[in-house]
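Here is what each chain is made of, one letter per residue.
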Amino acid sequence: MNGGELPKELSSDELINIYKKMLLIRKFEQRITKDFGKIKSPLVHTYTGEEAIAVGACMAINEDDYITSTHRGHGHFIAKGGDVNSLMAEIYGKEGGICKGRGGSMHVADFSKSMLGANGIVGAGPPLALGVALASKMRNEGKVVLTFFGDGAANQGMLHESMNLAAAWKLPVIFILENNMYGWSTPFHAATAIKDFSIRAQGYGMKGFTIDGNDVIEVYKTIKEAVDIARNGGGPTLIECKTYRWQGQTIMDPDKYRSPEEKEEWKNRCPIKAYKTRLIRGEIIDKVMIQEIEEMTLVKIDESFKFAKENKNPDPSTVLDNVYKKPIKYGGN
Ligand SMILES: Cc1ncc(C[n+]2csc(CCOP(=O)(O)OP(=O)(O)O)c2C)c(N)n1
C-alpha cells in the first residue's frame, strides 16, 4: 500500500515520468473544469483522483501495445502518450483536435499511439479489445490490449461475454476495472452483491486481482505480471483497481449523493501526493525538482489551452468527411 520499495527495473527518469504524467492529467482536468466548465456542457467526465491507474498500467506495456478507454478517457489518452494540445482542441471541438473536432471529450482516439478510443457507450471497450487481441494473436504480433472500464460497466452483459471468450480463446487482453465506487450516482455495493469484483475471474477461467488503484507502483507491477502472462500465450487477467473519482460524474454534476466526509477521506489518499512522498523518500526527486515539474506542467496546460482557443472550428462542408469510406457530398444522394 503506497509505501513499499520502488521497482528496481525502472530508471530514475522513468520513475519521474510516472509522476509527471499523473500531474499532467490532474492539472489538465483542473483546467478543463475551470475553463470548459463555463460552456456548461455535461459531456466532460474528469479522471481526477484516478490518475495512478492509467499511468501505472500504460507504464507496463510497450508503445505499440493497444488500449481501449471509457467515457472518462482524458487520463488514458495522456498516459498512452497522446498530445495534450490536440486533446484540448478536441474537447473544444476544433479542427486541430485529435479527431478534427468530430469526437469531443468522450471520443478521443489516437491510432498513432495505439490508443483506440474513448467510448460514450458504457462497457463497449472490452468487445473492441477482444477483436484487436484476436487480430494480434492471429497475426502473431505479440501485442497485448489493455481495456479499461468502470464498476458500472462491470455489470454489463457484453463485458461478461468478452471475458468468457477472451479466456476460452486465450486472448492477450488485460481487463482493468476502475472501481471508483460509483456508477453515476449508484454506489457499487447497491448494484453488486460481492465485495471484490476480481473473484468473478475464476468463473471464466482466468486470474483475478483486487488492488489499491491509488498506488501507481502496485498498479504497474500487477499489470506487468498480467502482461507477461498474456504475451506468453497464457490469456487474459481481470484486475480490479479500487479508487475514487474526486469530482462529480460529469463536470456539471452537482454531486449531492456523496458525503463531504467520504470525499475528504479519499482526497487524503491522493495517488499523486502519496507517490511524490515515495519519490522524495527514495531520493529520486527533491523539492526544487518538484517545483520545476509543477511549473512546466502548468506551462504545457496553458499552451494547450491557447492552442485550442486559437484553433478554428471545422468547416461545416466537411461534416461527412471520414464518415463513409467512399466520400459523399453533403446533400447529395
Ligand atoms: C450503455 C450505456 N448505458 C448508460 C449510459 C449512461 N452512463 C454514462 S456514464 C454512466 C456511469 C458509468 O459508470 P462506470 O462504468 O462505473 O464508470 P465511471 O463513470 O464511474 O468511470 C452511465 C450509466 C451510457 N453512456 N451507456
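Everything numeric in this text was worked out from a predicted model, so none of it was measured. (Residues numbered from 1 in each chain as written. Predicted model: local features only at pLDDT ≥ 70, side-chain atom pairs only at ≥ 80, totals over all residues. Heavy atoms only, no water.)

Draft legend 1. Local environment of the overall build of the protein. Within the protein, the secondary structure is distributed over 12 helices and seven strands. A compact globule built from 333 residues should have a C-alpha radius of gyration of about 20 Å, and the protein, at 20 Å, falls within 12% of that. In terms of overall dimensions, the protein has a C-alpha envelope of 55 × 50 × 40 Å along the principal axes. Counting all 333 residues of the protein, 52% fall into the buried class. By sequence separation, contacts in the protein at least 24 residues apart represent 75% of the contacts at least 6 residues apart. (Helix = DSSP H or I, 4+ residues; strand = E, 2+ residues; numbered from the N terminus. Rg over C-alpha atoms; globule rule 2.2 N^0.38 Å. Buried < 20%, exposed > 50% of the residue type's maximum accessible area, 1.4 Å probe, protein only. Contact = heavy atoms within 4.5 Å.)

Draft legend 2. A look at the nonpolar core. In this structure, Y19, F28, L146, F175, I176, I223 and Y275 are the most contacted members of the largest nonpolar core, which totals 90 residues. No other element matches helix α1 (residues 12–35), which puts 10 residues into this core. Sequence-distant contacts of L146, that is, excluding residues within four places in its chain, are made with A57, C58, I61, Y66, I67, T68, I174, I176, I223 and V227. (Core = buried A, V, L, I, M, F, W, Y, C linked by side-chain atoms within 4.5 Å.)

Draft legend 3. Summary view of the site of the ligand. The environment of the ligand is made up of 15 residues, and the closest members are H71, R72, G120, G152 and N180. Between the ligand and the protein, one listed contact pairs an oxygen atom with a side-chain N or O atom of H71 at 2.7 Å. V122 places a main-chain nitrogen or oxygen 3.1 Å from a nitrogen atom of the ligand. Taken by itself the ligand offers 590 Å² of open surface, and the protein chains cover 72% of this. At a threshold of 2 Å from the grid points, most atoms of the ligand map onto the second largest pocket. A breakdown of the residues in the shell around the ligand according to their chemical character gives five nonpolar, eight polar and two charged. (Near = heavy atom within 4 Å. Polar contact = N/O pair within 3.5 Å; in protein donor to acceptor, adjacent residues only side chain to side chain. Areas by Shrake-Rupley, 256 points an atom, 1.4 Å probe, with all protein chains shown as cover. 1 Å grid on protein atoms, 1.4 Å probe; cavity = no way out; pocket = protein on both sides within 12 Å on 5 of 7 lines; lining within 4 Å. Sits in = over half its atoms within 2 Å of the grid points. Nonpolar A, V, L, I, M, F, W, Y, C, P; charged D, E, K, R; others polar.)

Draft legend 4. A look at the sheet that holds strand β1 (residues 66–68). Spatially, five strands are ordered β1-β2-β3-β7-β6 in an open sheet, and the strand pairing comes out parallel. The open sheet has two edge strands with one neighbour each: β1 and β6 (207–212). Here the average twist between neighbouring strands, direction ignored, is 20°. Against the sheet, helix α2 (residues 51–59) touches β1, β2 (145–150), β3 (173–179) and β7 (237–242), its axis set at about 170° to β2. (Pairing = 2+ DSSP bridges. Axes fitted to C-alpha atoms, helices over the stretch in contact; angles between N-to-C directions.)

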